[in-house]
Amino acid sequence: MKLHLYFARRFLITFTAVFFVFLGILLLVDVAEQLRKFGNLNLGFGEILSLSLLNIPATLYQILPLITILATLALFLGLARSSELVVTRAAGRSALRSLVAPVVSIVLIGAVAVSVLNPIVAATSGEYENRASVLRSGATSTLSISDEGLWLRQGNPDVLPGEASETMDPATTRQTVIHAQEASLGGTQLREVSFISFNAQGLPLERIEAGSAVLENGSWQLTHAKIWPLSQTSGLTVNPERDSSEHSEITLATTLTEEQIRDSFADPSAIGIWELPGFITQLENAGFAARAHSVFLHTELALPLMLVAMVLIGAGFTMRHTRLGQTGPMVLMAILLGFALFFLRNFSRVLGENGNIPIELAAWAPPLVAIMLAMGLLLHMEDG
């Protein structure tokens, strides 16, 4: 047990060191990137740093397999140089038993990453996108889906319904909340839809109910619409129902595009792992395809196994005495195999999202196959 605890402690220390090295490098690179993006806005260094701190957790989370294999290589190369692995074998401890502590440690790290770090990444990524969107255009465009239907928020030019797009002043914007009972897969065709517009102070301006709305050429084309004014004009009291008007067709200008609508909910990483199952159900109820989200959910659940595979691959090439030579080529081969597994995982995920292979096979096959191959490599190199 003492030996297991020793190996576990060494692995955790090495993993933490590699993690913080990558954190420092990514922080420097991201600060430079944020300065390039928003340097013309005369932001203070504190604001730039806060943007970077919100952005880098997503990158760190994505490269956890790379951090794992580098930590494994550093650990076992250090143990080999100090002859601790030789002593361990001389004491009758096989290579596979020596790997128990690192494997258990990485399983715990993977579980913490999925259950804790994943929601943190989702929150920080969403906050970064909101701040960046505000800095770029002064408004945010988001989409959410609940049991009551589909919700959108957009910043659109402050014009009256039906006004030609050529007369719009893009400098003045207002926020509009859109609610629809049903939507097409692309989110560009809405049914039983309502638009509620607010001014810059958050006061309601008007409400529009329509049978359908279609996004075309930078505007919503509404059919069978009714408009209720909600704000006072020229000091006169407004009676929304008395002053309402009905239209067979009207046009509402918008800053939303089909890509923005699709991208606002197409990235599953923007939703925390605990909320993802319910979100998948809500997507399907709202009429959206949720296969990509289902593949992402299974891939996240399989992350601990992916990290275990990285540990076994790294150990298979470095659990040997340095006097045997060929250390450099062995390390290079382990890193290349780690990258190959990483890209195989992404390729399998793409196949699963496109429906070419089952969801469970796309998520669980790469780490399981890698673990079996790494175990075979370890047994071959240890026992011949």
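Everything quoted here is computed from the prediction, not taken from an experiment.

Engineer: Give me the lowdown on helix α10 (residues 303–318), citing residues and values where you can.
Structural biologist: Taking 1.5 Å of rise per residue, the 16 residues of α10 would be expected to cover 22 Å, and the 23 Å separating its terminal C-alpha atoms lies within 8% of that figure. Of all the 16 residues making up α10, 15 are buried; the element is thus mostly covered by neighbouring parts of the structure.

Engineer: So what about the packing of aromatic side chains? Which residues, and what values?
Structural biologist: Here the structure, examined in full by the defined rule, presents five aromatic pairs. Each ring, one from Phe195 and one from Trp220, has its centre 6.1 Å from the other, and the planes form 65 degrees; the classification is edge-to-face. On the criterion of sequence distance, the pair formed by Phe195 in strand β4 (residues 189–198) and Trp220 in strand β6 (residues 219–229) is long-range, its members being 25 residues apart. Given the relative accessible area of 2%, Phe195 is considered buried. Under the relative-accessibility criterion, Trp220 is labelled buried at 0%.

Engineer: Explain the environment of Gly352 residue by residue, including any values.
Structural biologist: Counting through the fold element by element, Gly352 comes out in helix α11 (residues 327–353). Note on Gly352: relative accessible area 0%, which makes it buried. On a C-alpha basis, the gap between Gly352 and Phe296 in space is 9.4 Å, while along the polypeptide they are 56 residues apart. When neighbours within four sequence positions are excluded, Gly352 is seen to be in contact with Arg291, Val295, Ile357 and Ala362.

Engineer: Which residues make up the nonpolar core, and what values go with them?
Structural biologist: General note: in soluble globular proteins, nonpolar side chains tend to be found buried as a group. Counting residues in hydrophobic clusters, the biggest one holds 62 residues, and the most contacted among them are Ile67, Phe76, Leu99, Ile106, Leu312 and Met319. With eleven residues, α10 is the largest single contributor of residues to this core. Residues contacting Leu99, with those up to four places away along its chain left out, are Phe76, Leu312, Ala315, Met319 and Leu378. With 20 residues, the next largest nonpolar core counts Val193, Phe195, Ala210 and Leu222 among its residues.

Engineer: So, the pattern of salt bridges: which residues are in play, and what are the values?
Structural biologist: What the rule picks out here adds up to six salt bridges. With its nearest N and O atoms 3.0 Å apart, the salt bridge here joins Glu241 to Lys226. Taken together, the residues Glu241 in the loop between β6 and β7 (245–253) and Lys226 in strand β6 connect sequence positions 15 residues apart. For Glu241, a relative accessible area of 47% gives the class partly exposed. Accessibility expressed as a relative area gives 19% for Lys226, which makes it buried. Measuring nitrogen to oxygen at the nearest pair gives 3.0 Å for the salt bridge that ties Asp243 to Arg242.

Engineer: Kindly report on the side chain of Ser348, identifying the contributing residues and their values.
Structural biologist: Its location among the elements puts Ser348 in helix α11. Ignoring anything within four residues of it in the chain, the contact list for Ser348 reads Ile357, Leu361, Ala362 and Pro366.

Engineer: Requested: an account of the side chain of Thr299, with residues and values cited.
Structural biologist: Positionally, Thr299 belongs in helix α9 (residues 291–301). A distance of 2.7 Å separates the side chain of Thr299 from the backbone oxygen of Val295, its partner in a polar contact. Among residues more than four places away in sequence, those in contact with Thr299 are Arg345, Arg349 and Ala363.

Engineer: Could you give an account of the pairing of β4, with specific residues and numbers?
Structural biologist: In the sheet, β4 pairs with strand β5 (residues 204–216) via nine bridges, with the strands oriented antiparallel. Residue pairing in the sheet places Phe195 in a bridge with Ile208 of β5. In this antiparallel pair of consecutive strands, β4 and β5, the connection spans five residues, and Gly202 shows a positive phi of 85 degrees.

Engineer: Tell me about unusual backbone geometry, and please be specific about residues and values.
Structural biologist: The backbone of Glu192 sits at a positive phi, close to 50 degrees, despite the residue not being glycine. As for its position among the elements, Glu192 is in strand β4. Positive phi is not limited to glycine here, since His224 has a value of about 55 degrees. The exposed category is assigned to His224, whose relative accessible area is 65%.

Engineer: Residue-level account of helix α3 (residues 64–81), with values.
Structural biologist: Spanning 18 residues, α3 covers 26 Å between terminal C-alpha atoms, matching the ideal 26 Å at 1.5 Å per step. Across the 18 residues that make up α3, a large majority, 14, are buried. Where α3 ends, the next residue or the one after it, Ser83, has phi of about 65 degrees, a positive value.

Engineer: Lay out the confidence of the model for the protein in plain terms, naming residues and giving numbers.
Structural biologist: Here the protein averages 82 in pLDDT, and 84% of its residues register 70 or above. Segment residues 158–172: pLDDT under 50, and 19 contacts once partners within four positions in sequence are set aside and those in other chains are kept.

Engineer: Can you tell me about a nonpolar patch on the surface, naming the residues and giving the values?
Structural biologist: Taken together, the side chains of Leu368, Val369, Met372 and Leu373 present a nonpolar region at the surface, about 400 Å² in accessible area. The residue Val369 is located in helix α12 (residues 359–383) in this model.

Conventions we followed
Residues numbered from 1 in each chain as written. Predicted model: local features only at pLDDT ≥ 70, side-chain atom pairs only at ≥ 80, totals over all residues. Heavy atoms only, no water. Helix = DSSP H or I, 4+ residues; strand = E, 2+ residues; numbered from the N terminus. Expected span 1.5 Å × (residues − 1). Buried < 20%, exposed > 50% of the residue type's maximum accessible area, 1.4 Å probe, protein only. Phe/Tyr/Trp six-rings, centres within 6.5 Å; stacked < 30°, edge-to-face > 60°. Contact = heavy atoms within 4.5 Å. Core = buried A, V, L, I, M, F, W, Y, C linked by side-chain atoms within 4.5 Å. Salt bridge = Lys/Arg side-chain N within 4 Å of Asp/Glu carboxyl O. Polar contact = N/O pair within 3.5 Å; in protein donor to acceptor, adjacent residues only side chain to side chain. Pairing = 2+ DSSP bridges. pLDDT = per-residue confidence, 0-100. Patch = residues over 30% accessible without salt bridge, like charges linked within 9 Å, V, L, I, M, F, W, Y side chains within 5 Å. Areas by Shrake-Rupley, 256 points an atom, 1.4 Å probe, with all protein chains shown as cover.

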